Amino acid sequence: LDHTIHSKVDAIVVGAGFGGIYMCKKLVDQGLSVRLIEAASDIGGTWYWNRYPGAMSDTNSHLYRYSWDKEDLLKYPWSRTYLRQPEILKYLEHVVERHNLRQHMQFNTMMTGAEWNPETNTWTVQTSTGPNLEANYLVTGVGLLSKQNFPVYPGIDKYKGKLYHSGAWPKQYDFKGKRVGVLGNGSTGVQIITDIADYVKQLVCFQRTPQYVVPSGDKVATPEHRAEVNANYDAIWKQAKESAFAFGFEESTTPLMSVSKEERERVFEDAWQKGNGFRFMFGTFSDIVTSEEANEEAAKFIRSKIRGKVNDPEKARKLTPTDFYARRPLCDAGYYEKFNYDHVDIVDLKEAPITEFTEKGIKTADGIEHELDAIVFATGFDAVDGNYTSISIKGKNDETLKQRWADGATSYLGLSVPDFPNLFMILGPNGPFTNLPPSIETQVEFIEELIARSFGSSAETGSNRVIETTTKAEHDWTEMCDNISKDSLFRKADSWIFGANVPGKKKSVLFYFGGLGQYRQVLDAEVKSGYKGYHFY
Ligand code: FAD
Ligand code: NA7
């Protein structure tokens, strides 16, 4: 790292998504000088990058926003019960303008490396734009679904058509009348396929693992709905923040087998009609992701729905999952029905793997060359730690986070790593698995208090106090996250939630599955104990 410093601030915040924006505000309000750097050309984070057709949050609109600006919360509009990407982006732009935060932000600036300097107790941050920055505190809001997973295939360079990853979407591309291939059918692939199927000439969906998808229940947000939310907003947030997933429904405490077959059907059908993936998985019965028997009942219910929606038995067979219903729950706006179009086809990659990309498209092992004008990689992300391990972030012992996390990413509370003083991660490894804005807020507010404690004392004493978590705290937290997830079927399904989607990445626990309510209690106890998991020097 070039150690020439060009600019010194109290805190550097990296990333201008939900996390970075709020962190910036909190630290500015505290009186710190803050520089927020962002690789993209503007704010938005996830909602800047993911502009693909059909991009939508699957958290209900009234809970996919900040809870801390009461006045704004009651006024700022939303058009449907789920937000499309343009609406979320506009909302975040509005927040930044409303709180006058843009002046602290520097765009088109990537943090390319960072190093702790024990002599000055500061972080030196190297940027893509040249000059290094120096700060007492480094807060990373770099996102947990942000570093693209872009699998490489033989011949991929030969392909002459358009090639896009969903997470780096071009501002303009007209799919109308085009022959399109979509690789991947996670949340993103499902949204893209559902959207473009209506207007492309031909759509070939390359699927490695079929998914269980339930309806979203998206509808127009009526004035009556808005009035009801407004009248109850305090209670709604309280419930969400005390619940496990913060999706706005009560998680079920009823084991599936404790009720009759008829009752099970009724509960599933009711959740199906209401919509929302998390509600179906966690609002119906308490043991769908812990009991194989309960899981199979939920899976059977969804499978029968798929069979009822897809006319062609061969397509239905390919689209119907047989493994556990144990990945991030998905919801849709008519995904399966799109396969009733003659021009929409499904290729099962386990039956016919991709052998190579050609000039014209994709060749599969059954000898077919699929000719395509555009290929969309909806292949997901190197989730959670991807943005940390792809650059050099060096702590006290000349060790990078990448080296430290070779056996799996760990932290204390999803926030702090021993030997990386004054570094705070928003949504770092082993943070809560929830609707994310309320978890982000919880973490940002905790970080702010922690910094206030140290910064306040440095103003008095003239020295910088250093905050560092302990090895024991990190070890105990990691062990707890591991233990909580031991019985979860999520662990048996390969997905990004346990780091199983990126070749070469070690499978490990990446989330705290105790729920937001409990997580908030843990953070409260941490504050009340005088931060027993940290030491200050
Ligand atoms: P992000 O929004 O990911 O922002 C991180 C920012 O950091 C990015 O702009 C990136 O460019 C920048 N950055 C990263 N590394 C660097 C660097 N080295 N230097 C400079 N800048 C850097 N969550 C939900 O709760 N509900 C949903 O319904 C939901 N839907 C989603 C749908 C999609 C398609 C995706 C991808 C994610 C979804 N998520 C959802 C998760 C979503 O990421 C979070 O809800 C939230 O937006 C995360 O905000 P963040 O600020 O932590 O990170
Ligand atoms: P996901 O959920 O990781 O889905 C990625 C999809 O891409 C999934 O269907 C994968 O199949 C498929 N994939 C990944 N790599 C390959 C290769 N090499 N070949 C074929 N298919 C592949 O990412 P999303 O973007 O959909 O969603 C991520 C989260 O963002 C989501 O949960 C929301 O929170 C927002 P697999 O299932 O691994 O067999």
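Before any of the text, the structure's been laid out above.
Worth saying up front: this structure is predicted, and the values here are computed from it rather than measured.

### Brief notes about the overall build of the protein chain
And then number 1: Helix and strand counts for the protein chain come out as 15 helices and 24 strands.
And then number 2: At 24 Å, the protein chain has a C-alpha radius of gyration in line with the 24 Å of a compact globule built from 537 residues.
And then number 3: Seen through its C-alpha atoms, the protein chain measures out along the principal axes to roughly 75 × 55 × 45 Å.
And then number 4: Relative to all contacts within the protein chain whose residues are 6 or more apart in sequence, the contacts with residues 24 or more apart total 71%.

### Section: the sheet that holds strand β9 (residues 162–165)
And then number 1: In spatial order, the strands read β9-β18-β10-β11-β14; together these five strands make up an open sheet with parallel pairing. The sheet terminates laterally at β9 and β14 (344–348), the two strands that pair on one side only. Here the strands of the sheet are splayed against their neighbours by 20° on average, with no regard to which way each runs.
And then number 2: Where strand β11 (residues 202–207) and β14 come together, five bridges link them in parallel fashion. Within β14, the position partnered with Cys-205 by the bridge is Ile-346.

### Regarding the pattern of salt bridges
And then number 1: Taken as a whole and judged by the stated rule, the model has 42 salt bridges.
And then number 2: One salt bridge connects Glu-97 with Arg-102, and the closest N-O pair in it is separated by 2.8 Å.
And then number 3: Among the residues examined, Glu-97 registers a relative accessible area of 46% and is labelled partly exposed.
And then number 4: Accessibility expressed as a relative area gives 28% for Arg-102, which makes it partly exposed.
And then number 5: Linking Lys-396 and Glu-468 is a salt bridge whose minimum nitrogen-to-oxygen distance equals 2.9 Å. In this pair, Lys-396 is assigned in the loop between β19 (392–394) and α12 (401–404) and Glu-468 in strand β22 (residues 467–469), connecting sequence segments 72 residues apart.
And then number 6: The class of Lys-396 is partly exposed, set by a relative accessible area of 32%.
And then number 7: Shared partners join several salt bridges into a network, and the residues in it are Asp-69, Glu-71, Asp-72, Lys-75 and Arg-98.

### Considerations on unusual backbone geometry
And then number 1: Its identity as a non-glycine residue notwithstanding, Asn-108 has a phi of 50°, on the positive side.
And then number 2: For Asn-108, the position within the fold is in the loop between β5 (105–106) and β6 (111–117).
And then number 3: By relative accessible area, Asn-108 is classed as partly exposed at 48%.

### Points about the packing of aromatic side chains
And then number 1: Counted according to the given criterion, the structure contains 52 aromatic pairs.
And then number 2: Residues Phe-498 and Phe-513 carry aromatic rings whose centres are separated by 6.0 Å and whose planes lie at 20° to one another, so their mutual orientation is stacked. Of this pair, Phe-498 sits in the loop between α14 (471–485) and β23 (511–512) while Phe-513 sits in the loop between β23 and α15 (516–528), and the two are 15 residues apart along the sequence.
And then number 3: The lysine or arginine in question, Arg-51, covers the ring of Tyr-48, its NZ or CZ lying 4.9 Å from the ring centre.

### Side note on the site of ligand 2
And then number 1: In the region of ligand 2, 20 residues are neighbours, and Tyr-153, Thr-188, Arg-208, Thr-209 and Arg-328 sit closest.
And then number 2: Here an oxygen atom of ligand 2 and a side-chain polar atom of Thr-188 are 2.6 Å apart.
And then number 3: Starting from 780 Å² of accessible surface for ligand 2 in isolation, the protein chains cover 87%.
And then number 4: Split into classes, the residues belonging to the shell around ligand 2 amount to eight nonpolar, nine polar and three charged.

### Focus on the sheet that holds strand β15 (residues 354–357)
And then number 1: Spatially, three strands are ordered β15-β16-β17 in an open sheet, and the strand pairing comes out antiparallel. In this open sheet, the two strands that pair with only one neighbour each are β15 and β17 (369–371). Ignoring strand direction, the axes of neighbouring strands in this sheet form an average angle of 25°.
And then number 2: Where strand β16 (residues 361–364) meets β17, three bridges bridge the pair, whose relative direction is antiparallel. Counted as the bridge partner of Gly-361 is Glu-371 from β17.

Criteria and thresholds
- Residues numbered from 1 in each chain as written.
- Chains lettered and ligands numbered in written order.
- Predicted model: local features only at pLDDT ≥ 70, side-chain atom pairs only at ≥ 80, totals over all residues.
- Heavy atoms only, no water.
- Helix = DSSP H or I, 4+ residues; strand = E, 2+ residues; numbered from the N terminus.
- Rg over C-alpha atoms; globule rule 2.2 N^0.38 Å.
- Contact = heavy atoms within 4.5 Å.
- Pairing = 2+ DSSP bridges.
- Axes fitted to C-alpha atoms, helices over the stretch in contact; angles between N-to-C directions.
- Salt bridge = Lys/Arg side-chain N within 4 Å of Asp/Glu carboxyl O.
- Buried < 20%, exposed > 50% of the residue type's maximum accessible area, 1.4 Å probe, protein only.
- Phe/Tyr/Trp six-rings, centres within 6.5 Å; stacked < 30°, edge-to-face > 60°.
- Lys NZ or Arg CZ within 6 Å of the ring centre and 35° of its normal.
- Near = heavy atom within 4 Å.
- Polar contact = N/O pair within 3.5 Å; in protein donor to acceptor, adjacent residues only side chain to side chain.
- Areas by Shrake-Rupley, 256 points an atom, 1.4 Å probe, with all protein chains shown as cover.
- Nonpolar A, V, L, I, M, F, W, Y, C, P; charged D, E, K, R; others polar.

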